[in-house]
Amino acid sequence: MDIPADVGFDTHSDGDVLCHALLDALAGAIADGDLGTHYREDDLDAEDAVSLGFVEEFAQYLADRGYIVGNVDGFITLGTVRLRPHIEAVRENLAKALRMDLAEVSVKARSIDGIGPEGEGTACGAWVSVLGYRAAD
Ligand SMILES: Nc1ccn([C@@H]2O[C@H](COP(=O)(O)O)[C@@H](O)[C@H]2O)c(=O)n1
Ligand SMILES: C[C@@]1(CO)OP(=O)(O)OP(=O)(O)OC[C@H]1O
């Protein structure tokens, strides 16, 4: 999805910070590296990649290893773009990519009162907590 903004920043992929934080959290939950170890910055295929596709792929990676994601809670800090009108669509996209129910996927945003690079929109922060289970053998 596209959300128009007056200011931004450059990244190797599509710069979807929420998906990147989610991937870091999912990889961390199983002590299996992080976003960069699974999707390397020097991988030409990852250039301009759609990060939601990484999420879909990693959900399968977890399922193949017997893990179940119980719920996901995301938090974005950005002061220059109102995200609330887009939050439901973001949740739906993540739930679909993770093959989870919408009720198990939360996304929140705060403006941090326009302070610092995230407040000014030259950066965007994202944190994700995940609750996962190991399926019984
Ligand atoms: N980029 C953002 C930041 C916040 N919101 C919503 O506004 C509410 C108030 O947040 P503050 O950080 O400005 O106090 C918050 O509960 C968010 O729902 C937003 O839509 N987009
Ligand atoms: C996702 C990757 C790969 O396209 O690129 P970026 O969008 O730059 O993201 P970053 O968090 O800097 O590092 C991970 C990279 O490997």
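Residues numbered from 1 in each chain as written. Chains lettered and ligands numbered in written order. Predicted model: local features only at pLDDT ≥ 70, side-chain atom pairs only at ≥ 80, totals over all residues. Heavy atoms only, no water.

## A short note on the pairing of strand β1 (residues 67-77)
Piece 1. The sheet contact formed by β1 and strand β3 (residues 125-134) spans 10 bridges and is antiparallel. Within β3, the residue paired with Thr77 across the bridge is Gly125.
Piece 2. Alignment of β1 against strand β2 (residues 105-110), held across 6 bridges, turns out to be parallel. Across the sheet, residue Phe75 finds its bridge partner in β2, namely Lys108.
Piece 3. Regarding the hand of the β-α-β motif, the stretch spanning β1, helix α4 (residues 84-98) and β2 is right-handed. (Pairing = 2+ DSSP bridges. Helix = DSSP H or I, 4+ residues; strand = E, 2+ residues; numbered from the N terminus. Right-handed = clockwise from strand over helix to strand, strands pointing away.)

## Here's the deal with the site of ligand 2
Piece 1. Around ligand 2, the structure places Thr11, His12, Ser13, His20, Leu35, Tyr39, Arg40, Glu41 and Ala46.
Piece 2. In this structure, Tyr39 approaches ligand 2 through a main-chain N or O atom, which is 2.2 Å from an oxygen atom.
Piece 3. Contacts to ligand 2 include Glu41, whose side-chain N or O atom sits 3.0 Å from an oxygen atom.
Piece 4. In the complex, the protein chains occlude 79% of the 370 Å² of accessible area that ligand 2 would expose alone.
Piece 5. Here the residues of the shell around ligand 2 sort into 3 nonpolar, 4 polar and 2 charged. (Near = heavy atom within 4 Å. Polar contact = N/O pair within 3.5 Å; in protein donor to acceptor, adjacent residues only side chain to side chain. Areas by Shrake-Rupley, 256 points an atom, 1.4 Å probe, with all protein chains shown as cover. Nonpolar A, V, L, I, M, F, W, Y, C, P; charged D, E, K, R; others polar.)

## What to know about the packing of aromatic side chains
Given two aromatic rings, their pairing is described by the distance between the two centres and the angle made by the two planes.
Piece 1. Summed over the entire model, instances satisfying the criterion amount to 3 aromatic pairs.
Piece 2. With 5.9 Å between their ring centres and 35° between their planes, Phe75 and Trp127 make a pair best called tilted. Separated by 52 residues along the polypeptide, Phe75 in strand β1 and Trp127 in strand β3 bring together distant segments of the chain.
Piece 3. Judged by relative accessible area, Phe75 falls into the partly exposed class, the value being 28%. (Phe/Tyr/Trp six-rings, centres within 6.5 Å; stacked < 30°, edge-to-face > 60°. Buried < 20%, exposed > 50% of the residue type's maximum accessible area, 1.4 Å probe, protein only.)

## Topic: the UniProt feature "domain: 2-C-methyl-D-erythritol 2,4-cyclodiphosphate synthase" (unreviewed entry) in the protein
Piece 1. Mapped onto the present numbering, the UniProt feature "domain: 2-C-methyl-D-erythritol 2,4-cyclodiphosphate synthase" (unreviewed entry) falls on residues 2-131.
Piece 2. Taken end to end, residues 2-131 comprises 39% helix and 18% strand; its first and last C-alpha atoms sit 28 Å apart. (UniProt positions renumbered as here; feature names shortened; annotations may be inferred.)

## Observations regarding the sheet that holds β3
Piece 1. The 3 strands are arranged β2-β1-β3 in an open sheet whose pairing can be described as mixed. What marks the edges here is a single partner per strand, and that holds for β2 and β3. For this sheet, the mean angle separating the axes of adjacent strands, direction not counted, is 15°.
Piece 2. Contacts from α4 reach β1 and β2 within the one sheet, and its direction differs from that of β2 by about 145°. (Axes fitted to C-alpha atoms, helices over the stretch in contact; angles between N-to-C directions. Contact = heavy atoms within 4.5 Å.)

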